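Notes for the structure review
What follows is each chain in one-letter form.
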Amino acid sequence: MSTHHAHVTDEKAEARSYLLTLLALLFLTVITVGASYIDFGQGNVVIALAIATMKATLVALFFMHLAHDKPVNGLIAVAGFIFLGLFLMFDLLDITTRRDAIPQNLHAPVVQTATPAGAPAVPTAAPAAAPPAGTAPAPGAKKE
Amino acid sequence: MSTSTVDLHDDPHGDDSVVDDAHHHHQHHFTTMEQQFDTSKIGMWLFLVTEVLTFGGLFVGFGLMQNRYPQEFIEAHEHLQRLAGASNTGILLFSSYTMGMAVFAAKTNQGAKAARYLWVTVGCAAIFMCVKAYEYTHKFEEGLLPGYFYHHKGDLIVGSHGYSTFFSFYFMMTGLHGLHVVIGAILLGWLAIRAKRGEFSHEYYTPVDLIGLFWHLVDLVWIYLFPLYYLIK
């Protein structure tokens, strides 16, 4: 709304910026598909997400005009992603620290023998410890 | 509607709109057309954040389950057609370009051109959904279905819930995204008709701009869906 009297040159420039954005996005798509055929191990996920984030940034800045828009809109958008990041961060904390909830560990339950010498005395064998007969399972402790 | 309040404006229309110039009105609680536009846009961005968080929750859930069933998720993703996903990515990116051009045409008083760009965008949405329908049909035939309905034969890890979990997420997320594409396409068609009628100009193109933002968000979600489902090893 701020450019009420758009000049012809501005119009040309804006149309060209959309075209360049599209070409960059298509280029990155080709790169990400190509990279997926090469085995980088754990790197594949990182590369795919990095390229996707680059593409998303291009879309937000140029197609969604955040590069030239009033700052408040960008602030709202960034705030949304910060909250998503918080969500993801706490989720990752949970995944990476709560070992006993992973089913692979449940396949071979940790036998309740003495913990190896030197191991921290943290009760890691929680899932394998069968509750006394007749005890109602704690809410939320559903396991298969 | 505004009869109970003191009408500060000399309102010739007798409703709650105020004449800003010869053709366009803003509602009486706004001072200018520009203020009205900016307010609408902030509202749209707030809505888009709720969309990001909706899909974000599903992405986080997908990540959790991938962590839980890494082997099954890799095997299950081999059933997705990478070419179909890549084509759909290209189609959506192109449609974002035509959407941008439609907004640009609308705000530079080129209604007919805006309508053409909008119809091309609708066409892209239709192609996207056709590819999706083709993919879904293929999954249905192979029994690659969500949760309880999963009955595909030939999985390497027999009895694992990982495969059906993968397809639960696949159908939930691509389905919700597809729903957004359909709703977006309907809104775009409505915009195209209005643009053709000459309802938009540099003074008033708010609906084109805001639905444009929505359309770009749909593209943005797919930008993450595509590599995570089709490409991850």
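Since this is a predicted model, take the numbers as computed values, not measurements. (Residues numbered from 1 in each chain as written. Chains lettered and ligands numbered in written order. Predicted model: local features only at pLDDT ≥ 70, side-chain atom pairs only at ≥ 80, totals over all residues. Heavy atoms only, no water.)

Description of the overall build of chain B
The helix and strand inventory of chain B stands at 6 helices and 2 strands. If you list the helices and strands of chain B from N to C, you get β-β-α-α-α-α-α-α. Across the 233 residues in chain B, those meeting the buried criterion constitute 57%. The contacts of chain B with a sequence gap of at least 6 include a subset with a gap of at least 24, amounting to 73%. For chain B, the exposed surface amounts to about 10200 Å²; the carbon and sulfur share of it is 64%. (Helix = DSSP H or I, 4+ residues; strand = E, 2+ residues; numbered from the N terminus. Buried < 20%, exposed > 50% of the residue type's maximum accessible area, 1.4 Å probe, protein only. Contact = heavy atoms within 4.5 Å. Areas by Shrake-Rupley, 256 points an atom, 1.4 Å probe, with all protein chains shown as cover.)

Considering the overall build of chain A
For chain A, the helix and strand inventory stands at 4 helices and 0 strands. Counting helices and strands in the order they occur from the N terminus, chain A gives α-α-α-α. Carbon and sulfur atoms form 72% of the exposed surface of chain A, whose accessible area is close to 9900 Å².

Overview of the interface of chain A and chain B
Opposite the 47 residues of chain A that make contact, chain B presents 52 residues. Across the chain A/chain B interface, buried area totals approximately 4500 Å², and carbon plus sulfur atoms make up 74% of it. The tally of links between chain A and chain B comes to 4 salt bridges. A salt bridge links Lys70(A) to Asp38(B); the nearest nitrogen and oxygen atoms lie 2.8 Å apart. The set of elements that each furnish at least two residues to the side of chain A that touches chain B consists of α1 (8-36), α2 (43-63), α3 (71-97) and α4 (103-107) of chain A. Split by residue class, the side of chain A that touches chain B holds 29 nonpolar, 11 polar and 7 charged. (Buried area = accessible area lost by both parts, 1.4 Å probe. Salt bridge = Lys/Arg side-chain N within 4 Å of Asp/Glu carboxyl O. Nonpolar A, V, L, I, M, F, W, Y, C, P; charged D, E, K, R; others polar.)

Here's the deal with α3(A)
Here α3(A) spans 38 Å end to end across 27 residues, near enough to the 39 Å set by a 1.5 Å rise per residue. Within α3(A), the full set of buried residues consists of Asn73(A), Gly74(A), Ile76(A), Ala77(A), Gly80(A), Leu84(A), Asp91(A) and Ile95(A). Taken together, the buried residues of α3(A) touch α1 (33-68) of chain B. (Expected span 1.5 Å × (residues − 1).)

Some points on the domain arrangement of chain B
The parts lose accessible area when they come together, and the size of an interface is often stated as this lost area. All names here are of chain B. Taken domain by domain, chain B holds domain 1 (1-31) and domain 2 (33-231). Across the contact, 8 residues belong to domain 1 and 8 residues belong to domain 2. Linking domain 1 to domain 2 there are 0 salt bridges. Our count for the domain 1 to domain 2 interface comes out at 2 residue pairs in polar contact (both at pLDDT 80 or more). Per-class residue counts for the side of domain 1 that touches domain 2 are 1 nonpolar, 5 polar and 2 charged. (Domains from an automatic or database assignment. Polar contact = N/O pair within 3.5 Å; in protein donor to acceptor, adjacent residues only side chain to side chain.)

Considering the pattern of salt bridges
As enumerated under the stated definition, the model contains 8 salt bridges over all chains in all. Residue Glu34(B) pairs with Lys70(A) through a salt bridge whose shortest N-O separation is 3.5 Å. Highlighted residues: Glu34(B) in helix α1 and Lys70(A) in the loop between α2 and α3, drawn from two different chains. Owing to a relative accessible area of 31%, Glu34(B) belongs among the partly exposed residues under this scheme. Here Lys70(A) falls in the partly exposed class, since its relative accessible area comes to 36%. Here the salt bridges share partners, and the residues they tie into one network are Asp69(A), Lys41(B) and Asp209(B).

Re the packing of aromatic side chains
Taken as a whole, this structure holds 26 aromatic pairs over all chains when the rule is applied. Cluster of aromatic residues (ring-pair linked, three or more members): Phe62(B), Phe73(B), Tyr136(B), Phe140(B), Tyr150(B), Tyr163(B), Phe166(B), Phe167(B), Phe169(B), Tyr170(B), Phe171(B) and Tyr229(B). In this arrangement the basic side chain of Arg82(B) is found over the ring face of Tyr37(A), its NZ or CZ atom lying 4.6 Å from the centre. (Phe/Tyr/Trp six-rings, centres within 6.5 Å; stacked < 30°, edge-to-face > 60°. Lys NZ or Arg CZ within 6 Å of the ring centre and 35° of its normal.)

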